[in-house]
Amino acid sequence: MTSYHKPDEKTLQGLKDIANKLRIHSIKATCASNSGHPTSCCSAAELMSVLFFNTMRYKADDPRNQCNDRFVLSKGHAAPILYAAWAEAGFVKESDLLNLRKIDCELEGHPTPKLEFVDVATGSLGQGLGAACGMAYTGKHFDKSSYRVYCMMGDGECSEGSVWEAMAFASYYQLDNLVAIMDVNRLGQSEAAPLKHDMETYRKRCEGFGWNTYVVDGHDVEELCKAFWQAKQVKGKPTCIVAKTFKGKGLKNIEDLDNWHGKPIPKDRVGDVLKDLQAQIQVPNKSLSPEMPEDDTAPADLSPITLSSPPAYKIGDKMATRRAYGVALAKLGQSSKRVVALDGDTKNSTFSETFKKAFPERYIECFIAEQNMVGVAIGCATRDRTVSFASTFAAFFSRAYDQIRMGAISQSNVNLVGSHCGVSIGEDGPSQMALEDLAMFRAIPTCTVFYPSEAVSAERAIELAANTKGICFIRTSRPETAVLYSPDEKFEVGVAKVVRQSDKDHVTVVGAGITLHEALAAADMLASEGKNIRVIDPFTIKPLDASTILASARATGGKIITVEDHYKEGGLGEAVLSAVGEEPGIVVTRLAVSGVPRSGKPQELLDMFGISAKHIADAVCSLTTRLSL
């Protein structure tokens, strides 16, 4: 067995010196911006020094190299010390540190992937470890490479449940290439963290979650060097370094005192503080260089991903879009080894199990922990290592909304598939019915929202999502619906389909998912009475094909009816209103679910909430009668 060799005294002193340089950089940067969190940086100084200049293997001039060890700063408010570490490594100009938080500088208040050395945005606490789990899982099981993943957390954020979801995940999957570092500096934002410096309870909690755990003095570089070395020797378990530190370490009359969170050092005190720190640096110009990584990870294959075969349905066949999702995903998996699937113990309902049966080695069961599932998916997708699809009931993505919005800030390319939308799921009742999801995802700035209405468009939506940058949400339905399109029908993001039209249409009806089929049934009912309507399938709710909807509205006397299996707020109707709101002579009538629904048969619920074919036909008659008066 390999034995530990203590670093020589020059190296240890060099690490101590770098730690104080990191403190100085952090203080200068936060003073220049007159904002920031220097005391949170100072508690982590030795941890960062040992990590970046003794433990991690990376190419300092190529931070996003696929072979590099990964680092996630979950306590994102300590961003200045991360920037300082990369300045000491030679990638960031030291002078740029003084532009911290300025409008024209990418060294923002919390890290974002605008910077090449940042994989995921942090700052909303409790999320870094989930993303790190995704990176570590990818390294161990998909890339099968030697790179390791390090995630630094604050003790305050360990009150977040998402941290412990990630702890359970990492232990279950034996991610021995993952090291979590808890910077236990005792003080939170407004008061002390719950456990303060009760290091034994931290140890027991981490060990209880199945982690190899070391409790260390977070300001002792020799002890840290040994702990990180030991972590590399452990097989079959992730490691947690629980480091006892002091907030504001090294800052006279500030260290370990309340009420210094998020405050730069006052101008009348900063000179003395910097002088004290500078005096502790023994070899100012000695530099330590990181060890190079092993060259054992191939560059990502960024070629387009296509279905291995076209949709195999005939017009009129019945197939649920949730089932078509599973079929399409398995086809993508056959075309590209980068495609991976995740689920939260709903795979036999979302039909991600179809992918699992075909490619079990590329499927991740995340169990009932949706926040962590989204975080893991985001981590898997970093550096373009995978094209990840994560699925569950659409309603349960609301649990992970903070992870989703942070995924947008992270510039993540991740695909989220939500089944069981709307009252059309039937007897399961309102807790299982996604009725807010379109509003949620439409509000995400990088998000493309697909809403396929039948199997062919569902397969094409999955194919398009795999090749679309940003977050993609695909809303799938539980009921079986009739296939409307031929297998060779072309679909594009932001391009709607006019599925029923004539030269004598009175009203344009826009429906999606189950309500598109109700609109077509209404069209048949009305046609028997001599009234024609135009029916549009938007395919994507964001971006919405405003030009097609407007052209149809003008051809039908300016009359539009939207019908959706979703609450009125934020859904399809509001998307259409936003698209046509400034156009003169356009009237939009919205049919949507009003109020909290209940259990019942799908058709009963569609009728109860006024979004069935009969109610659409009634709305058409009412609208045409009213406007003709």
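Residues numbered from 1 in each chain as written. Predicted model: local features only at pLDDT ≥ 70, side-chain atom pairs only at ≥ 80, totals over all residues. Heavy atoms only, no water.

Per an unreviewed UniProt entry, the protein goes by Transketolase and derives from Dicentrarchus labrax. Turning to the protein, the UniProt annotation filed under Subunit (unreviewed entry) states: "Homodimer." As recorded by UniProt, the Sequence similarities (unreviewed entry) comment attached to the protein reads in full: "Belongs to the transketolase family." (UniProt positions renumbered as here; feature names shortened; annotations may be inferred.)

Another point: the layout of surface pockets. Quantified by volume, the largest pocket comes out at close to 360 Å³. Together, 18 residues line the largest pocket, and Arg64, Thr382, Arg383, Asp384 and Gln411 are the ones closest to its centre. (1 Å grid on protein atoms, 1.4 Å probe; cavity = no way out; pocket = protein on both sides within 12 Å on 5 of 7 lines; lining within 4 Å. Points joined across faces, edges and corners; volume = space filled by probe spheres on them.)

Let's shift gears to the sheet that holds strand E2 (residues 149-154). Here we have 5 strands laid out as an open sheet, ordered E1-E2-E3-E5-E4, and parallel in their pairing. The open sheet has two free edges, formed respectively by strand E1 (70-73) and strand E4 (212-217), since each of these has just one partner strand. In this sheet, neighbouring strand axes are inclined to one another by 20° on average, regardless of whether the strands run parallel or antiparallel. One ladder, built from 6 bridges, connects E2 with strand E3 (residues 178-184); its direction is parallel. Pairing of Met152 across the sheet is with Ile181, part of E3. (Pairing = 2+ DSSP bridges. Helix = DSSP H or I, 4+ residues; strand = E, 2+ residues; numbered from the N terminus. Axes fitted to C-alpha atoms, helices over the stretch in contact; angles between N-to-C directions.)

On to empty space enclosed by the protein, then. The tally for this structure, following the rule as stated, stands at 4 cavities of 30 Å³ or more. The calculated volume of the largest cavity comes to roughly 90 Å³. As for the largest cavity, its lining consists of Val120, Ala121, Thr122, Gln127, Gly128, Ala131, Gly375, Ile378, Gln403, Met406, Gly407 and Ser410. Every element with two or more residues in the lining of the largest cavity is listed here: helix H5 (128-142), helix H13 (370-381) and helix H14 (401-409). It is H14 that provides the largest number of residues to the lining of the largest cavity, a total of 3 residues. Taken together, the residues that form the lining of the largest cavity break down as 5 nonpolar, 7 polar and no charged. (Nonpolar A, V, L, I, M, F, W, Y, C, P; charged D, E, K, R; others polar.)

Turning next to the packing of H5 against H13. Between H5 and H13, the least distance of the axes is 6 Å, while the angle of their chain directions is 55°. In terms of orientation, H5 lies oblique with respect to H13. The crossing of H5 and H13 is right-handed. On H13, the residues touching Gly130, Ala131, Cys133, Gly134, Met135, Thr138 and Phe142 of H5 are Asn372, Gly375, Val376, Gly379 and Cys380. (Parallel < 35°, antiparallel > 145°, perpendicular 65-115°, else oblique. Left-handed = near helix turned anticlockwise from the far one by under 90°. Contact = heavy atoms within 4.5 Å.)

Here we come to the packing of helix H1 (residues 9-33) against helix H3 (residues 45-55). Running from N to C, H1 and H3 cross one another at 125°; their axes reach a closest spacing of 8 Å. One finds that H1 runs oblique with respect to H3. In the packing of H1 onto H3, the handedness of the crossing is right-handed. Here Thr11, Leu15, Ile18, Ala19, Leu22 and Arg23 of H1 lie close against H3, whose contacting residues are Ala45, Glu46, Met48, Ser49, Val50, Phe53 and Asn54. A breakdown of the residues in the contact of H1 with H3 according to their chemical character gives 8 nonpolar, 3 polar and 2 charged.

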